[in-house]
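Results of the structural survey
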Amino acid sequence: MGVISNRRTMLTNQADEPMPGTSNETMRLYLGRHVYGLAAVAFGVITLVWHDFNTWQQIRPLGNVPHREILVYIAAAVELFGGVAIQWPRTARAGALVLGAIYLMFALLWVPHIAAKPQTYDPWGNFFEQFSLVSGALIVYATAARSNSERATRVARIGYICFGICVVSFTLEQLVYLSGTAEFVPKWIPPGQMFWAVTTTIAFALAAIALLSGRSALLASRLLTAMIIGFGLLVWLPAPFADPNKLINWAGNAQNLAITGAAWIVTDFLSQNRSKEEQVGR
């Protein structure tokens with residue numbers, strides 16, 4: 001009986017230990033870049049179907065560009081390539097580089113609008129929405145590197161801080177357009193549209209403070225990601241069913257999914273850092 005008991009104990013202990021070549025870190029799922037890439041694919045498909053850029057990804061500052069449709073197809077091809085490439089570990093950096101570059105271009109195309117009307121916050125808000133996607137790409141590009149170099153750590157940190165600044169912009173955008181924000185809230189959700197407009201604005205502000213200060217940053221990023229997912233499910237997902245002929249209803253889903261992916265990437269980044277700190281502390 002003693003031998004059997006000891007054997008059972010050994011088997012139990014072996015079952016509790018990770019398999020050779022694995023660790024608690026590798027067994028965790030980090031889905032941020034996958035959601036981010038899926039949004040890029042959605043953007044590419046929407047661009048191809050509509051044969052045009054959407055509200056956020058536009059080239060109006062360039063004027064009446066000859067052969068404009070060629071730029072449309074190039075942008076769609078880049079987003080499709082980047083969205084697929086970022087899904088796989090070996091090509092994740094290439095996908096992040098490509099997507100970061102095109103989102104940066106779309107962000108910079110809002111600068112002329114900002115210069116023309118600096119007192120209007122709408123172009124500022126659109127710039128930072130696009131730039132939040134650049135931030136996500138920076139983090140993926142850095143964290144997907146084979147070697148954990150000081151440079152990669154610095155790039156990831158820059159992407160993280162930039163995303164925190166973008167969350168400040170999300171707060172200001174909702175605050176400036178509080179009535180418009182309330183109109184987006186479905187009327188059937190109690191206790192009222194303005195309540196949720198104010199609540200989500202405060203939530204954005206608290207998330208920005210947590211991310212930039214580093215206090216409860218992981219919890220804040222998780223709650224922020226969940227809130228943006230809620231925007232997608234409650235606001236944007238029903239929109240194409242209500243009016244499938246509006247490009248913004250489809251593009252809004254892709255944009256919200258892309259920002260969700262960027263926020264999720266930040267969460268994954270913070271979670272990975274915590275796991276490394278816990279391993280060092282053991």
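One structure accompanies this document, and this report is about it. (Residues numbered from 1 in each chain as written. Predicted model: local features only at pLDDT ≥ 70, side-chain atom pairs only at ≥ 80, totals over all residues. Heavy atoms only, no water.)

**Looking at the overall build of the protein chain**
Where we set the bar: Helix and strand definitions here come from DSSP, where helices need a minimum of 4 consecutive H or I residues and strands a minimum of 2 consecutive E residues; each element is numbered from the N-terminal end. For each residue, the accessible area found with a 1.4 Å probe, counting protein chains only, is set against the maximum for its type, and the residue is called buried under 20%, exposed over 50%, and partly exposed in between. Contact between two residues is taken to exist if any of their heavy atoms lie within 4.5 Å; hydrogens are not considered.
Tallying secondary structure elements over the protein chain gives 13 helices and zero strands in all. Going residue by residue from the N terminus, the α and β elements of the protein chain occur as α-α-α-α-α-α-α-α-α-α-α-α-α. Counting the 282 residues in the protein chain, one finds 43% classified as buried. Considering only residue pairs separated by 6 or more positions, the protein chain has 71% of its internal contacts joining residues 24 or more positions apart.

**Structural notes on the pattern of salt bridges**
Just so we agree on the cut-off: Just to be clear on terms, a salt bridge is a Lys or Arg side-chain nitrogen sitting within 4 Å of an Asp or Glu carboxyl oxygen.
Taken as a whole, this structure holds two salt bridges when the rule is applied. Two residues, Arg-68 and Asp-52, come together in a salt bridge whose shortest N-O distance is 2.8 Å. Placement of the pair is Arg-68 in helix 4 (residues 68-85) and Asp-52 in the loop between helix 3 (32-50) and helix 4, with a sequence separation of 16 residues. Residue Arg-68 is classed as partly exposed on the basis of its relative accessible area, which comes to 28%. Residue Glu-150 is joined to Arg-154 by a salt bridge in which the shortest nitrogen-to-oxygen separation is 3.6 Å. Highlighted residues: Glu-150 and Arg-154, both in helix 8 (residues 150-176), separated by four residues, approximately one helical turn.

**Some words on helix 4**
Under the convention used in this document: Under the convention used throughout, the expected extent of a helix is 1.5 Å for every residue step, that is, one less than its residue count.
If you check helix 4, its first and last C-alpha atoms are 26 Å apart, about what 18 residues at 1.5 Å a residue would give, namely 26 Å. Every buried residue belonging to helix 4 is among Val-72, Ala-75, Ala-76, Glu-79, Gly-82, Gly-83 and Ala-85, and all of these are buried.

**Let's talk about the nonpolar core**
Here is the rule: Nonpolar cores were defined as sets of buried Ala, Val, Leu, Ile, Met, Phe, Trp, Tyr and Cys residues, with membership established by side-chain atoms within 4.5 Å.
If you look at the biggest cluster of nonpolar residues, it comprises 57 residues, and the most contacted ones within it are Tyr-36, Tyr-103, Val-167, Leu-211 and Leu-224. Among the secondary structure elements, those contributing two or more residues to this core are helix 3, helix 4, helix 5 (92-108), helix 7 (121-143), helix 8, helix 10 (193-213), helix 11 (217-236) and helix 13 (247-281). If near-sequence neighbours (up to four positions away) are discounted, Val-167 is found in contact with Phe-204, Ala-207, Ala-208, Leu-211 and Leu-224.

**Focus on the packing of aromatic side chains**
Pairs of aromatic rings are described using the distance from one ring centre to the other and the angle between the two planes. Defined as follows: Aromatic contacts are taken between Phe, Tyr and Trp rings whose centres are within 6.5 Å, Trp giving its six-membered ring; a plane angle under 30 degrees counts as stacked, one over 60 as edge-to-face, and the others as tilted.
Taken as a whole and judged by the stated rule, the model has ten aromatic pairs. Both rings, one in Phe-127 and one in Phe-131, keep their centres 5.7 Å apart while their planes meet at 10°; by these two values the pair is stacked. Taken as a pair, Phe-127 and Phe-131 lie in helix 7 at a separation of four residues, close to a single helical turn. A relative accessible area of 19% means that Phe-131 is categorised as buried. Ring geometry for Phe-204 versus Phe-231: centroids 6.0 Å apart, planes at 55°, classification tilted.

**Notes on the environment of Ile-59**
By the secondary structure assignment, Ile-59 is in the loop between helix 3 and helix 4. Those residues in contact with Ile-59, other than ones at most four positions away along the chain, are Phe-53, Arg-68, Leu-71 and Leu-109.

**Concerning a nonpolar patch on the surface**
Our working rule: Patches draw on residues past 30% relative accessible area with no salt bridge. Two like charges within 9 Å are joined, as are two nonpolar side chains (Val, Leu, Ile, Met, Phe, Trp, Tyr) within 5 Å. Surface exposure here means Shrake-Rupley accessible area, sampled with a 1.4 Å probe, where a residue is shielded only by the protein chains that are shown.
Taken together, the side chains of Ile-161, Ile-165, Val-168, Leu-172, Leu-175 and Leu-212 make up a nonpolar region of the molecular surface, amounting to roughly 460 Å² of accessible area. Broken down by element, the nonpolar patch gets its largest block of residues, five residues, from helix 8. Tracing the backbone shows Leu-175 in helix 8.

**Focus on the environment of Trp-50**
Looking at the secondary structure, you find Trp-50 in helix 3. For Trp-50, a relative accessible area of 30% gives the class partly exposed. Note: C-alpha distance between Trp-50 and Lys-246 (196 residues apart in sequence) is 9.9 Å. With residues near it in sequence (within four places) discarded, Trp-50 still touches Pro-244, Asn-245, Lys-246, Leu-247 and Trp-250.

**Description of unusual backbone geometry**
Glycine aside, negative phi is the norm for most residues, and most peptide bonds take the trans geometry. For the bond from Pro-190 to Pro-191, the omega torsion is 0°, close enough to zero to count as cis. With respect to the helices, strands and loops of the structure, Pro-191 is situated in the loop between helix 9 (178-184) and helix 10. Phi at His-51 takes a positive value of approximately 55°, unusual for a residue other than glycine. Position of His-51 among the secondary structure elements: in the loop between helix 3 and helix 4.

In short, geometric facts, not functional conclusions.
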